[in-house]
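The residues making up each chain are set out below.
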Amino acid sequence: MNFNTKILCIGAGYVGGPTMTVIADKCPQVKVTVVDINQSRIDAWNSDKLPIFEPGLDEVVHRARGRNLFFSTDVALAIKDADIIFVSVNTPTKTFGQGAGKASDLQYWEKTARQILEVSTSDKIIVEKSTLPVRTAAAMERILNSNDKGLHFEVLSNPEFLAEGTAIQDLFAPDRVLIGSHQTPSGIAACEKVVGIYANWVPRERILTTNLWSSELTKLTANAFLAQRITSINSISALCERTGADVDEVAYVMGKDSRIGPKFLKSSIGFGGSCFKKDILNLVYLCEHYGLPQVAAYWESVVNINEWQTHRFVARMLEHMFNTIAGKRIAVFGFAFKADTGDTRESPAHLVVRDLLEERAHPIVTDPKAISEAKRDLKDVLDKVVFEEDPYKASENAHAVVVCTEWKQFAALDWKRIYDSMEKPAFVFDGRNILNVVELRKIGFEVVSVGKGMAET
Ligand code: NAD
Ligand code: UGA
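As a starting point, this report considers the structure included with it.

Calculation rules
- Starting afresh in each chain, residues are numbered from 1 along the sequence in its written order.
- Lettering for chains starts from A, numbering for ligands starts from 1, and both go in the order in which the items are written.
- The predicted origin of the model limits local features to residues at a pLDDT of at least 70 and limits the giving and counting of side-chain atom pairs to 80 or more, whereas totals for whole chains, interfaces and linings rest on all residues.
- The side-chain numbers reported here are obtained from all heavy atoms of the structure, hydrogens and water having been left aside.
- Any two strands with at least two DSSP bridges between them are considered paired.
- Every helix listed is a DSSP run of H or I at least four residues long, and every strand listed is a run of E at least two residues long, numbered separately from the N terminus.
- In what follows, residue pairs with any heavy atoms lying within 4.5 Å of each other are defined as contacts.
- Working convention: axes come from line fits to C-alpha atoms, limited for helices to the stretch in contact. Angles between N-to-C directions cover 0 to 180 degrees.
- Exposed residues in this analysis have more than 50% of their type's maximum accessible area, buried residues have under 20%, and partly exposed residues fall in between, with area computed by a 1.4 Å probe over protein chains only.
- Residues are classed as near a molecule or strand on a simple rule: at least one heavy atom within 4 Å of it.
- Between N or O atoms, a polar contact is any pair within 3.5 Å; within protein, one atom must be a potential hydrogen donor and the other a potential acceptor, and residues adjacent in sequence are included only when both atoms are from side chains.
- All accessible areas in this document rest on Shrake-Rupley with a 1.4 Å probe, and a residue is counted as covered only by the protein chains that are shown.
- Asp, Glu, Lys and Arg are counted as charged, while Ala, Val, Leu, Ile, Met, Phe, Trp, Tyr, Cys and Pro are counted as nonpolar; the rest, among them Gly, fall into the polar class.
- The labels follow the angle: roughly parallel below 35 degrees, roughly antiparallel above 145, roughly perpendicular from 65 to 115, and oblique for the rest.
- Helix crossings get a hand from a simple test, with the near helix turned counterclockwise from the far one by less than a right angle marking a left-handed crossing and a clockwise turn marking a right-handed one.
- Ring geometry is summarised as follows: Phe, Tyr and Trp rings, the Trp one being its six-membered ring, pair when their centres sit within 6.5 Å, and such pairs are stacked at plane angles under 30 degrees, edge-to-face over 60 and tilted between the two.
- Over a ring means this: the NZ of a Lys or the CZ of an Arg is within 6 Å of the ring centre and within 35 degrees of the ring normal.

## A look at the sheet that holds strand β13 (residues 427-430)
The six strands lie next to each other as β11-β10-β9-β12-β13-β14, forming an open sheet whose pairing is parallel. Taken across any chain shown, the strands that pair with only one partner, and hence form the sheet edges, are β11 (386-387) and β14 (446-449). By the bridge criterion, four bridges tie strand β9 (residues 329-333) to strand β12 (residues 400-403) in an arrangement that is parallel. If you follow I330 over to β12, its bridge partner there is A400. Along the sheet, helix α12 (residues 293-320) contacts β9, β12, β13 and β14; its crossing angle with β13, the most-contacted strand, is approximately 165°.

## Regarding the environment of N433
Note that N433 resides in the loop between β13 and α18 (437-443). For N433, a relative accessible area of 11% gives the class buried. Each C-alpha atom, one on N433 and one on V381, is 29 Å from the other, the two residues being 52 residues apart in sequence.

## Focus: the site of ligand 1
Inspection of the region around ligand 1 gives 25 residues, with D36, R41, T91, E164 and K278 positioned closest. Separating an oxygen atom of ligand 1 from a backbone N or O atom of V15 is a distance of 2.9 Å. About the coverage of ligand 1: the protein hides 92% of its 840 Å² of free accessible area. For the shell around ligand 1, a count of residues per class yields eight nonpolar, 10 polar and seven charged.

## Focus: the packing of helix α9 (residues 212-243) against helix α10 (residues 247-255)
The N-to-C vectors of α9 and α10 enclose an angle of 135°; their axes lie 9 Å apart at closest approach. Here α9 lies oblique to α10, going by the angle between them. Two packed elements cross with a definite hand, and for α9 against α10 that hand is right-handed. Two secondary-structure elements touch here, α9 through I233, S237 and C240 and α10 through V247, V250, A251 and M254. A breakdown of the residues in the contact of α9 with α10 according to their chemical character gives six nonpolar, one polar and no charged.

## Considering the packing of aromatic side chains
Within the structure shown, the criterion is met by 12 aromatic pairs. For the ring pair W45 and F71, a centre distance of 5.0 Å and an interplane angle of 5° mean the geometry is stacked. Separated by 26 residues along the polypeptide, W45 in helix α2 (residues 39-45) and F71 in strand β3 (residues 69-72) bring together distant segments of the chain. You can call W45 buried: its relative accessible area is 0%. Take F71: its relative accessible area is 7%, and that puts it in the buried class. Ring geometry for Y198 versus W201: centroids 5.6 Å apart, planes at 45°, classification tilted. For the pair formed by Y198 and W201, the shared burial category is buried. One aromatic cluster in this structure is built from F333, F410, W415, Y419 and F445. Between the NZ or CZ atom of K31 and the centre of the ring of F70, over which it lies, the distance is 5.7 Å. Across from the ring centre of Y392, 3.8 Å away, lies the NZ or CZ of R417, which sits over that ring.

Listed below in C-alpha coordinates is the structure:
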(Lines give C-alpha, C1' and ligand atoms only; values in the text may rest on other atoms or scores of the structure.)
(Ligands and ions follow the chains in the order given, each with its own letter.)
Protein backbone atom coordinates (compact mmCIF):
# COMPACT_ATOMS: atom_id res chain seq x y z
CA MET A 1 0.00 0.00 0.00
CA ASN A 2 1.16 3.56 -0.73
CA PHE A 3 1.17 5.57 2.46
CA ASN A 4 1.16 9.37 2.27
CA THR A 5 3.10 9.84 5.53
CA LYS A 6 5.37 7.62 7.59
CA ILE A 7 5.25 8.12 11.32
CA LEU A 8 7.59 6.54 13.81
CA CYS A 9 7.21 6.48 17.57
CA ILE A 10 10.27 5.68 19.68
CA GLY A 11 9.10 4.12 22.98
CA ALA A 12 6.32 1.50 23.07
CA GLY A 13 5.10 2.14 26.61
CA TYR A 14 1.84 3.29 28.19
CA VAL A 15 1.86 6.38 25.96
CA GLY A 16 3.62 5.32 22.75
CA GLY A 17 1.56 2.12 22.32
CA PRO A 18 -1.98 3.49 22.76
CA THR A 19 -1.40 6.90 21.08
CA MET A 20 0.12 5.38 17.96
CA THR A 21 -2.53 2.67 17.83
CA VAL A 22 -5.23 5.33 17.74
CA ILE A 23 -3.39 7.42 15.13
CA ALA A 24 -3.08 4.29 12.95
CA ASP A 25 -6.74 3.44 13.47
CA LYS A 26 -7.92 6.92 12.54
CA CYS A 27 -5.47 7.53 9.68
CA PRO A 28 -5.35 4.43 7.42
CA GLN A 29 -3.33 6.41 4.85
CA VAL A 30 -0.50 6.89 7.35
CA LYS A 31 2.05 4.16 8.12
CA VAL A 32 2.74 4.03 11.86
CA THR A 33 5.70 2.13 13.27
CA VAL A 34 6.39 1.86 17.00
CA VAL A 35 9.87 0.80 18.12
CA ASP A 36 11.41 -0.03 21.45
CA ILE A 37 14.72 -1.38 22.70
CA ASN A 38 12.78 -3.77 24.95
CA GLN A 39 12.36 -6.94 22.86
CA SER A 40 9.83 -8.60 25.15
CA ARG A 41 7.64 -5.48 25.12
CA ILE A 42 7.63 -5.47 21.31
CA ASP A 43 6.95 -9.22 21.22
CA ALA A 44 3.96 -8.61 23.47
CA TRP A 45 2.65 -5.79 21.24
CA ASN A 46 2.83 -8.28 18.36
CA SER A 47 1.01 -10.98 20.33
CA ASP A 48 -2.50 -11.56 21.68
CA LYS A 49 -1.39 -10.58 25.18
CA LEU A 50 -0.53 -6.90 24.98
CA PRO A 51 2.11 -5.59 27.43
CA ILE A 52 -0.33 -3.20 29.12
CA PHE A 53 -3.92 -3.56 30.26
CA GLU A 54 -6.07 -0.73 28.97
CA PRO A 55 -9.84 -1.08 28.39
CA GLY A 56 -10.65 -1.11 24.67
CA LEU A 57 -7.02 -1.23 23.53
CA ASP A 58 -6.99 -4.84 22.26
CA GLU A 59 -9.80 -4.17 19.82
CA VAL A 60 -8.13 -1.12 18.25
CA VAL A 61 -4.74 -2.86 18.02
CA HIS A 62 -6.35 -5.79 16.24
CA ARG A 63 -8.01 -3.45 13.76
CA ALA A 64 -4.81 -1.65 12.77
CA ARG A 65 -1.91 -4.04 13.41
CA GLY A 66 -0.38 -5.43 10.23
CA ARG A 67 -2.45 -2.98 8.13
CA ASN A 68 -0.74 0.33 8.87
CA LEU A 69 0.49 -0.28 12.44
CA PHE A 70 3.77 -2.10 13.05
CA PHE A 71 5.80 -2.87 16.17
CA SER A 72 9.54 -3.50 15.84
CA THR A 73 12.91 -3.35 17.57
CA ASP A 74 14.76 -2.19 14.47
CA VAL A 75 15.08 1.40 15.64
CA ALA A 76 17.69 2.48 13.07
CA LEU A 77 15.77 1.24 10.03
CA ALA A 78 12.57 2.81 11.29
CA ILE A 79 14.26 6.19 11.86
CA LYS A 80 15.64 6.22 8.31
CA ASP A 81 12.23 5.50 6.87
CA ALA A 82 10.20 8.05 8.88
CA ASP A 83 8.98 11.55 7.97
CA ILE A 84 7.75 12.36 11.48
CA ILE A 85 9.26 10.89 14.65
CA PHE A 86 7.38 11.01 17.95
CA VAL A 87 9.67 10.42 20.91
CA SER A 88 7.84 8.80 23.80
CA VAL A 89 10.63 7.37 25.92
CA ASN A 90 10.54 7.38 29.70
CA THR A 91 11.68 10.53 31.53
CA PRO A 92 11.84 9.42 35.17
CA THR A 93 13.07 11.45 38.12
CA LYS A 94 16.85 11.58 38.27
CA THR A 95 18.25 9.38 41.04
CA PHE A 96 21.86 10.55 40.94
CA GLY A 97 24.06 13.65 40.70
CA GLN A 98 22.83 17.20 40.40
CA GLY A 99 19.06 17.51 40.77
CA ALA A 100 18.74 13.93 42.12
CA GLY A 101 15.23 13.31 43.46
CA LYS A 102 13.65 16.17 41.50
CA ALA A 103 15.06 16.84 38.03
CA SER A 104 14.13 14.73 34.99
CA ASP A 105 16.56 12.03 33.97
CA LEU A 106 17.00 12.88 30.31
CA GLN A 107 19.50 10.14 29.40
CA TYR A 108 16.98 8.06 27.40
CA TRP A 109 15.82 11.21 25.70
CA GLU A 110 19.30 12.34 24.70
CA LYS A 111 20.29 8.86 23.49
CA THR A 112 17.27 8.92 21.21
CA ALA A 113 18.23 12.32 19.79
CA ARG A 114 21.76 11.13 19.09
CA GLN A 115 20.52 7.96 17.40
CA ILE A 116 18.15 9.95 15.20
CA LEU A 117 21.06 12.15 14.18
CA GLU A 118 23.37 9.22 13.53
CA VAL A 119 21.15 7.26 11.17
CA SER A 120 19.01 9.90 9.45
CA THR A 121 19.53 10.54 5.77
CA SER A 122 16.67 13.03 5.23
CA ASP A 123 15.04 16.03 6.95
CA LYS A 124 12.53 15.10 9.66
CA ILE A 125 10.00 16.49 12.08
CA ILE A 126 10.77 15.43 15.63
CA VAL A 127 7.86 15.53 18.06
CA GLU A 128 8.32 15.50 21.84
CA LYS A 129 5.59 13.23 23.17
CA SER A 130 7.29 12.50 26.49
CA THR A 131 6.74 14.99 29.31
CA LEU A 132 9.83 17.16 29.51
CA PRO A 133 11.24 20.16 31.36
CA VAL A 134 10.46 23.45 29.65
CA ARG A 135 13.14 24.35 27.07
CA THR A 136 14.15 20.72 26.42
CA ALA A 137 13.40 21.29 22.75
CA ALA A 138 16.25 23.79 22.66
CA ALA A 139 18.72 21.09 23.73
CA MET A 140 17.17 18.60 21.31
CA GLU A 141 17.60 21.06 18.45
CA ARG A 142 21.20 21.80 19.34
CA ILE A 143 22.06 18.09 19.25
CA LEU A 144 20.14 17.39 16.06
CA ASN A 145 21.05 20.47 14.07
CA SER A 146 24.73 20.22 14.95
CA ASN A 147 25.07 17.75 12.04
CA ASP A 148 27.33 18.19 9.05
CA LYS A 149 25.01 16.20 6.76
CA GLY A 150 23.06 19.31 5.75
CA LEU A 151 19.89 17.90 7.32
CA HIS A 152 17.23 19.99 9.06
CA PHE A 153 15.25 18.71 12.03
CA GLU A 154 12.21 20.70 13.15
CA VAL A 155 11.39 20.01 16.78
CA LEU A 156 7.77 20.23 17.98
CA SER A 157 6.14 19.59 21.33
CA ASN A 158 2.95 17.51 21.45
CA PRO A 159 2.48 16.48 25.08
CA GLU A 160 0.07 13.68 25.90
CA PHE A 161 -2.85 14.20 28.28
CA LEU A 162 -4.34 10.69 28.36
CA ALA A 163 -5.01 9.07 31.72
CA GLU A 164 -4.41 5.36 32.22
CA GLY A 165 -7.56 3.29 32.45
CA THR A 166 -9.36 5.67 30.06
CA ALA A 167 -6.58 6.06 27.48
CA ILE A 168 -8.61 4.93 24.50
CA GLN A 169 -11.59 7.17 25.16
CA ASP A 170 -9.23 10.06 25.99
CA LEU A 171 -7.44 9.55 22.66
CA PHE A 172 -10.62 9.11 20.62
CA ALA A 173 -12.23 12.25 22.06
CA PRO A 174 -9.56 14.45 23.65
CA ASP A 175 -10.51 17.67 25.46
CA ARG A 176 -7.69 19.20 23.47
CA VAL A 177 -4.58 18.34 21.50
CA LEU A 178 -1.65 20.68 22.03
CA ILE A 179 1.11 21.28 19.50
CA GLY A 180 3.92 23.72 20.21
CA SER A 181 6.32 24.94 17.56
CA HIS A 182 8.70 27.74 16.77
CA GLN A 183 6.80 30.62 15.26
CA THR A 184 9.04 30.52 12.17
CA PRO A 185 7.93 29.51 8.64
CA SER A 186 9.48 26.02 9.02
CA GLY A 187 8.11 25.64 12.55
CA ILE A 188 4.60 26.63 11.50
CA ALA A 189 4.74 24.37 8.43
CA ALA A 190 5.81 21.37 10.56
CA CYS A 191 3.11 22.16 13.08
CA GLU A 192 0.48 22.20 10.31
CA LYS A 193 1.57 18.71 9.21
CA VAL A 194 1.01 17.31 12.70
CA VAL A 195 -2.26 19.26 13.02
CA GLY A 196 -3.31 17.55 9.78
CA ILE A 197 -2.85 14.12 11.34
CA TYR A 198 -5.00 14.83 14.40
CA ALA A 199 -7.57 16.65 12.24
CA ASN A 200 -8.51 13.23 10.84
CA TRP A 201 -10.68 12.75 13.93
CA VAL A 202 -10.26 15.65 16.37
CA PRO A 203 -12.42 18.76 15.73
CA ARG A 204 -10.13 21.57 14.54
CA GLU A 205 -11.11 23.90 17.40
CA ARG A 206 -9.76 21.35 19.87
CA ILE A 207 -6.32 21.31 18.28
CA LEU A 208 -4.46 24.13 19.99
CA THR A 209 -1.14 25.49 18.79
CA THR A 210 1.28 27.54 20.87
CA ASN A 211 4.94 28.37 20.99
CA LEU A 212 7.27 25.52 22.01
CA TRP A 213 7.93 26.65 25.56
CA SER A 214 4.25 27.22 26.38
CA SER A 215 3.48 23.72 25.16
CA GLU A 216 6.21 22.08 27.25
CA LEU A 217 5.25 24.04 30.35
CA THR A 218 1.50 23.52 29.91
CA LYS A 219 1.93 19.77 30.28
CA LEU A 220 3.79 20.06 33.57
CA THR A 221 1.33 22.66 34.81
CA ALA A 222 -1.76 20.63 33.88
CA ASN A 223 -0.48 17.66 35.88
CA ALA A 224 0.49 19.89 38.79
CA PHE A 225 -3.00 21.48 38.87
CA LEU A 226 -4.76 18.10 38.76
CA ALA A 227 -2.59 16.71 41.55
CA GLN A 228 -3.03 19.91 43.55
CA ARG A 229 -6.82 19.50 43.51
CA ILE A 230 -6.50 16.01 44.96
CA THR A 231 -4.06 17.22 47.58
CA SER A 232 -6.38 20.14 48.44
CA ILE A 233 -9.35 17.87 49.07
CA ASN A 234 -7.16 15.34 50.90
CA SER A 235 -5.89 18.07 53.22
CA ILE A 236 -9.52 18.94 53.97
CA SER A 237 -10.27 15.25 54.59
CA ALA A 238 -8.03 15.40 57.67
CA LEU A 239 -10.05 18.32 59.01
CA CYS A 240 -13.32 16.51 58.24
CA GLU A 241 -12.19 13.55 60.34
CA ARG A 242 -11.62 15.86 63.31
CA THR A 243 -14.82 17.88 62.97
CA GLY A 244 -17.55 15.49 61.84
CA ALA A 245 -17.83 17.02 58.35
CA ASP A 246 -18.02 14.48 55.50
CA VAL A 247 -15.43 15.07 52.78
CA ASP A 248 -17.61 13.54 50.05
CA GLU A 249 -20.44 15.94 50.91
CA VAL A 250 -18.06 18.89 51.03
CA ALA A 251 -16.54 17.93 47.66
CA TYR A 252 -19.93 17.32 46.05
CA VAL A 253 -21.37 20.66 47.06
CA MET A 254 -18.18 22.56 46.23
CA GLY A 255 -18.07 20.89 42.84
CA LYS A 256 -21.53 22.26 42.02
CA ASP A 257 -19.93 25.69 41.81
CA SER A 258 -19.21 25.91 38.09
CA ARG A 259 -16.05 27.86 38.86
CA ILE A 260 -14.73 24.86 40.82
CA GLY A 261 -16.28 21.92 38.95
CA PRO A 262 -16.73 18.34 40.18
CA LYS A 263 -13.71 16.50 38.75
CA PHE A 264 -10.58 15.46 40.65
CA LEU A 265 -12.14 16.14 44.04
CA LYS A 266 -12.38 12.53 45.15
CA SER A 267 -10.59 12.22 48.45
CA SER A 268 -8.34 9.18 48.72
CA ILE A 269 -5.33 7.64 50.42
CA GLY A 270 -3.29 9.71 47.97
CA PHE A 271 -2.66 9.98 44.28
CA GLY A 272 -0.24 7.61 42.58
CA GLY A 273 0.93 6.96 39.05
CA SER A 274 4.14 7.43 37.18
CA CYS A 275 3.67 11.11 36.43
CA PHE A 276 2.07 13.39 39.04
CA LYS A 277 4.88 13.18 41.56
CA LYS A 278 7.62 13.10 38.92
CA ASP A 279 6.21 16.06 37.01
CA ILE A 280 5.61 18.21 40.09
CA LEU A 281 9.14 17.54 41.33
CA ASN A 282 10.40 18.48 37.90
CA LEU A 283 8.42 21.73 38.15
CA VAL A 284 9.89 22.32 41.61
CA TYR A 285 13.39 21.81 40.23
CA LEU A 286 12.75 24.22 37.37
CA CYS A 287 11.44 26.89 39.76
CA GLU A 288 14.53 26.49 41.94
CA HIS A 289 16.73 26.64 38.86
CA TYR A 290 15.08 29.86 37.69
CA GLY A 291 15.44 31.46 41.16
CA LEU A 292 11.82 31.07 42.35
CA PRO A 293 12.12 29.25 45.70
CA GLN A 294 8.67 30.40 46.91
CA VAL A 295 6.96 28.90 43.87
CA ALA A 296 9.04 25.73 44.27
CA ALA A 297 8.00 25.38 47.94
CA TYR A 298 4.32 25.85 47.04
CA TRP A 299 4.34 22.97 44.55
CA GLU A 300 6.57 20.74 46.65
CA SER A 301 3.98 20.85 49.42
CA VAL A 302 1.51 19.11 47.06
CA VAL A 303 3.77 16.06 46.98
CA ASN A 304 4.54 16.23 50.70
CA ILE A 305 0.86 16.33 51.71
CA ASN A 306 0.17 13.45 49.36
CA GLU A 307 2.68 11.18 51.09
CA TRP A 308 1.50 12.35 54.50
CA GLN A 309 -2.06 11.41 53.52
CA THR A 310 -1.05 7.78 52.86
CA HIS A 311 1.01 7.44 56.04
CA ARG A 312 -1.77 9.15 57.98
CA PHE A 313 -4.24 6.54 56.76
CA VAL A 314 -2.11 3.66 58.01
CA ALA A 315 -1.65 5.49 61.32
CA ARG A 316 -5.44 5.64 61.63
CA MET A 317 -5.63 1.90 60.97
CA LEU A 318 -3.20 1.29 63.77
CA GLU A 319 -5.11 3.56 66.14
CA HIS A 320 -8.43 1.82 65.42
CA MET A 321 -6.92 -1.65 65.75
CA PHE A 322 -5.91 -1.09 69.38
CA ASN A 323 -2.50 0.35 68.48
CA THR A 324 -1.06 -2.95 67.39
CA ILE A 325 -1.22 -4.78 64.10
CA ALA A 326 1.87 -6.93 64.65
CA GLY A 327 1.11 -10.49 63.55
CA LYS A 328 -2.35 -9.53 62.18
CA ARG A 329 -3.43 -10.51 58.68
CA ILE A 330 -4.43 -7.43 56.70
CA ALA A 331 -6.02 -7.92 53.28
CA VAL A 332 -4.88 -5.19 50.89
CA PHE A 333 -7.58 -4.74 48.23
CA GLY A 334 -5.89 -3.26 45.18
CA PHE A 335 -2.27 -2.63 44.30
CA ALA A 336 -2.68 -0.74 40.98
CA PHE A 337 -2.35 3.05 41.35
CA LYS A 338 -5.93 3.45 40.11
CA ALA A 339 -8.74 1.28 38.78
CA ASP A 340 -8.72 -0.19 35.25
CA THR A 341 -4.96 -0.43 34.93
CA GLY A 342 -2.31 -2.98 35.85
CA ASP A 343 0.18 -0.15 36.40
CA THR A 344 1.55 0.09 39.93
CA ARG A 345 4.09 2.89 39.51
CA GLU A 346 4.05 5.14 42.61
CA SER A 347 0.93 3.36 43.81
CA PRO A 348 -0.16 4.46 47.30
CA ALA A 349 -0.84 0.74 47.98
CA HIS A 350 2.90 0.15 47.83
CA LEU A 351 3.48 2.68 50.61
CA VAL A 352 0.62 1.12 52.62
CA VAL A 353 2.16 -2.35 52.37
CA ARG A 354 5.57 -1.01 53.42
CA ASP A 355 4.01 0.75 56.42
CA LEU A 356 2.12 -2.43 57.38
CA LEU A 357 5.37 -4.42 57.23
CA GLU A 358 7.07 -1.80 59.39
CA GLU A 359 4.39 -2.58 62.00
CA ARG A 360 5.04 -6.31 61.49
CA ALA A 361 1.58 -7.00 60.12
CA HIS A 362 1.01 -9.76 57.51
CA PRO A 363 -0.31 -8.17 54.29
CA ILE A 364 -2.21 -10.27 51.76
CA VAL A 365 -2.34 -8.39 48.46
CA THR A 366 -5.13 -8.92 45.96
CA ASP A 367 -5.72 -7.06 42.68
CA PRO A 368 -7.68 -7.95 39.53
CA LYS A 369 -4.85 -6.94 37.17
CA ALA A 370 -1.67 -6.08 39.04
CA ILE A 371 -0.54 -9.16 40.98
CA SER A 372 2.58 -9.75 38.90
CA GLU A 373 3.52 -6.04 39.07
CA ALA A 374 2.96 -6.13 42.86
CA LYS A 375 5.30 -9.13 43.13
CA ARG A 376 7.93 -7.23 41.16
CA ASP A 377 7.58 -4.09 43.33
CA LEU A 378 7.78 -6.12 46.55
CA LYS A 379 10.49 -8.53 45.42
CA ASP A 380 12.69 -7.71 48.44
CA VAL A 381 9.93 -8.78 50.88
CA LEU A 382 8.31 -11.69 49.05
CA ASP A 383 8.68 -13.87 52.15
CA LYS A 384 6.59 -11.41 54.18
CA VAL A 385 3.71 -10.73 51.77
CA VAL A 386 1.09 -13.12 50.41
CA PHE A 387 -0.41 -12.57 46.94
CA GLU A 388 -3.89 -13.87 46.27
CA GLU A 389 -5.99 -13.47 43.11
CA ASP A 390 -9.25 -14.14 44.92
CA PRO A 391 -10.34 -11.35 47.30
CA TYR A 392 -12.47 -13.80 49.31
CA LYS A 393 -9.42 -15.95 50.01
CA ALA A 394 -7.31 -12.86 50.71
CA SER A 395 -9.65 -11.77 53.47
CA GLU A 396 -10.04 -15.19 55.13
CA ASN A 397 -8.99 -14.96 58.78
CA ALA A 398 -7.91 -11.36 58.27
CA HIS A 399 -8.34 -8.77 61.01
CA ALA A 400 -8.86 -6.01 58.49
CA VAL A 401 -9.40 -5.19 54.83
CA VAL A 402 -7.86 -2.01 53.48
CA VAL A 403 -9.14 -0.77 50.11
CA CYS A 404 -6.28 0.90 48.25
CA THR A 405 -7.58 0.93 44.66
CA GLU A 406 -11.02 2.04 43.50
CA TRP A 407 -11.79 -1.13 41.48
CA LYS A 408 -15.57 -1.35 40.98
CA GLN A 409 -15.34 -5.12 41.60
CA PHE A 410 -14.53 -4.49 45.26
CA ALA A 411 -17.78 -2.64 45.91
CA ALA A 412 -19.73 -5.51 44.30
CA LEU A 413 -18.27 -8.28 46.50
CA ASP A 414 -20.39 -10.33 48.90
CA TRP A 415 -19.30 -8.49 52.05
CA LYS A 416 -21.37 -10.73 54.33
CA ARG A 417 -19.32 -13.69 53.10
CA ILE A 418 -16.13 -11.72 53.72
CA TYR A 419 -17.29 -10.73 57.20
CA ASP A 420 -18.10 -14.32 58.14
CA SER A 421 -14.59 -15.49 57.23
CA MET A 422 -12.72 -12.73 59.11
CA GLU A 423 -11.44 -12.36 62.67
CA LYS A 424 -13.65 -10.21 64.90
CA PRO A 425 -13.95 -7.32 65.33
CA ALA A 426 -13.68 -7.14 61.54
CA PHE A 427 -12.36 -3.82 60.25
CA VAL A 428 -12.71 -2.27 56.81
CA PHE A 429 -10.54 0.74 56.00
CA ASP A 430 -11.89 2.25 52.82
CA GLY A 431 -9.05 4.31 51.38
CA ARG A 432 -11.15 5.23 48.34
CA ASN A 433 -14.62 5.74 49.83
CA ILE A 434 -16.19 3.31 47.36
CA LEU A 435 -18.00 0.92 49.71
CA ASN A 436 -21.53 1.08 51.05
CA VAL A 437 -20.74 2.00 54.64
CA VAL A 438 -24.31 1.68 55.90
CA GLU A 439 -24.58 -1.89 54.57
CA LEU A 440 -21.17 -2.85 55.94
CA ARG A 441 -22.04 -1.54 59.38
CA LYS A 442 -25.32 -3.48 59.28
CA ILE A 443 -23.31 -6.64 58.57
CA GLY A 444 -21.17 -5.92 61.62
CA PHE A 445 -18.01 -4.35 60.23
CA GLU A 446 -16.17 -1.50 61.90
CA VAL A 447 -15.70 0.87 58.95
CA VAL A 448 -13.23 3.70 58.69
CA SER A 449 -13.38 5.98 55.64
CA VAL A 450 -11.25 8.85 54.35
CA GLY A 451 -12.45 12.23 55.54
CA LYS A 452 -15.31 11.00 57.71
CA GLY A 453 -15.49 10.86 61.48
CA MET A 454 -16.66 7.49 62.88
CA ALA A 455 -19.98 8.73 64.25
CA GLU A 456 -21.26 10.50 61.17
CA THR A 457 -20.86 7.88 58.45
P1 NAD B 1 7.11 3.66 29.69
O2 NAD B 1 8.26 3.44 30.60
O3 NAD B 1 5.89 2.81 29.80
O4 NAD B 1 7.62 3.55 28.16
C5 NAD B 1 8.79 4.12 27.69
C6 NAD B 1 9.44 3.14 26.71
O7 NAD B 1 10.55 3.78 26.07
C8 NAD B 1 9.99 1.87 27.38
O9 NAD B 1 9.36 0.73 26.85
C10 NAD B 1 11.49 1.91 27.05
O11 NAD B 1 12.06 0.63 26.82
C12 NAD B 1 11.50 2.76 25.79
N13 NAD B 1 12.81 3.37 25.50
C14 NAD B 1 13.66 4.02 26.35
N15 NAD B 1 14.75 4.43 25.68
C16 NAD B 1 14.61 4.03 24.38
C17 NAD B 1 15.42 4.15 23.21
N18 NAD B 1 16.58 4.80 23.24
N19 NAD B 1 14.96 3.61 22.06
C20 NAD B 1 13.77 2.95 22.02
N21 NAD B 1 12.97 2.81 23.11
C22 NAD B 1 13.38 3.33 24.26
O23 NAD B 1 6.72 5.20 29.85
P24 NAD B 1 5.29 5.87 29.56
O25 NAD B 1 4.40 5.71 30.74
O26 NAD B 1 4.82 5.46 28.21
O27 NAD B 1 5.72 7.41 29.52
C28 NAD B 1 6.48 7.93 28.45
C29 NAD B 1 6.47 9.45 28.56
O30 NAD B 1 5.14 9.95 28.45
C31 NAD B 1 6.99 9.98 29.91
O32 NAD B 1 7.68 11.18 29.67
C33 NAD B 1 5.72 10.28 30.69
O34 NAD B 1 5.90 11.31 31.63
C35 NAD B 1 4.77 10.73 29.60
N36 NAD B 1 3.34 10.51 29.87
C37 NAD B 1 2.92 9.33 30.43
C38 NAD B 1 1.55 9.11 30.62
C39 NAD B 1 1.03 7.83 31.22
O40 NAD B 1 -0.17 7.74 31.44
N41 NAD B 1 1.85 6.83 31.51
C42 NAD B 1 0.62 10.08 30.19
C43 NAD B 1 1.09 11.25 29.60
C44 NAD B 1 2.46 11.45 29.43
C1 UGA C 1 -2.67 11.74 34.89
C2 UGA C 1 -3.48 12.85 34.22
O3 UGA C 1 -4.86 12.72 34.60
C4 UGA C 1 -3.33 12.77 32.70
O5 UGA C 1 -4.01 13.88 32.09
C6 UGA C 1 -1.85 12.82 32.33
O7 UGA C 1 -1.69 12.69 30.93
C8 UGA C 1 -1.12 11.69 33.04
O9 UGA C 1 -1.32 11.82 34.48
C10 UGA C 1 0.36 11.70 32.82
O11 UGA C 1 0.94 12.71 32.47
O12 UGA C 1 0.91 10.63 33.08
P13 UGA C 1 -3.02 9.15 35.36
O14 UGA C 1 -1.93 9.34 36.35
O15 UGA C 1 -2.91 8.05 34.38
O16 UGA C 1 -3.23 10.50 34.51
O17 UGA C 1 -4.41 8.92 36.15
P18 UGA C 1 -5.38 9.93 36.96
O19 UGA C 1 -6.77 9.58 36.62
O20 UGA C 1 -4.99 11.32 36.81
O21 UGA C 1 -5.13 9.45 38.47
C22 UGA C 1 -3.92 9.73 39.13
C23 UGA C 1 -4.05 9.34 40.60
O24 UGA C 1 -4.92 10.23 41.30
C25 UGA C 1 -4.63 7.94 40.82
O26 UGA C 1 -3.96 7.32 41.90
C27 UGA C 1 -6.08 8.21 41.19
O28 UGA C 1 -6.65 7.19 41.94
C29 UGA C 1 -5.92 9.50 41.98
N30 UGA C 1 -7.14 10.34 42.05
C31 UGA C 1 -7.67 10.84 40.90
C32 UGA C 1 -7.68 10.67 43.28
O33 UGA C 1 -7.18 10.25 44.33
N34 UGA C 1 -8.78 11.48 43.32
C35 UGA C 1 -9.35 12.00 42.18
O36 UGA C 1 -10.35 12.75 42.30
C37 UGA C 1 -8.78 11.66 40.95
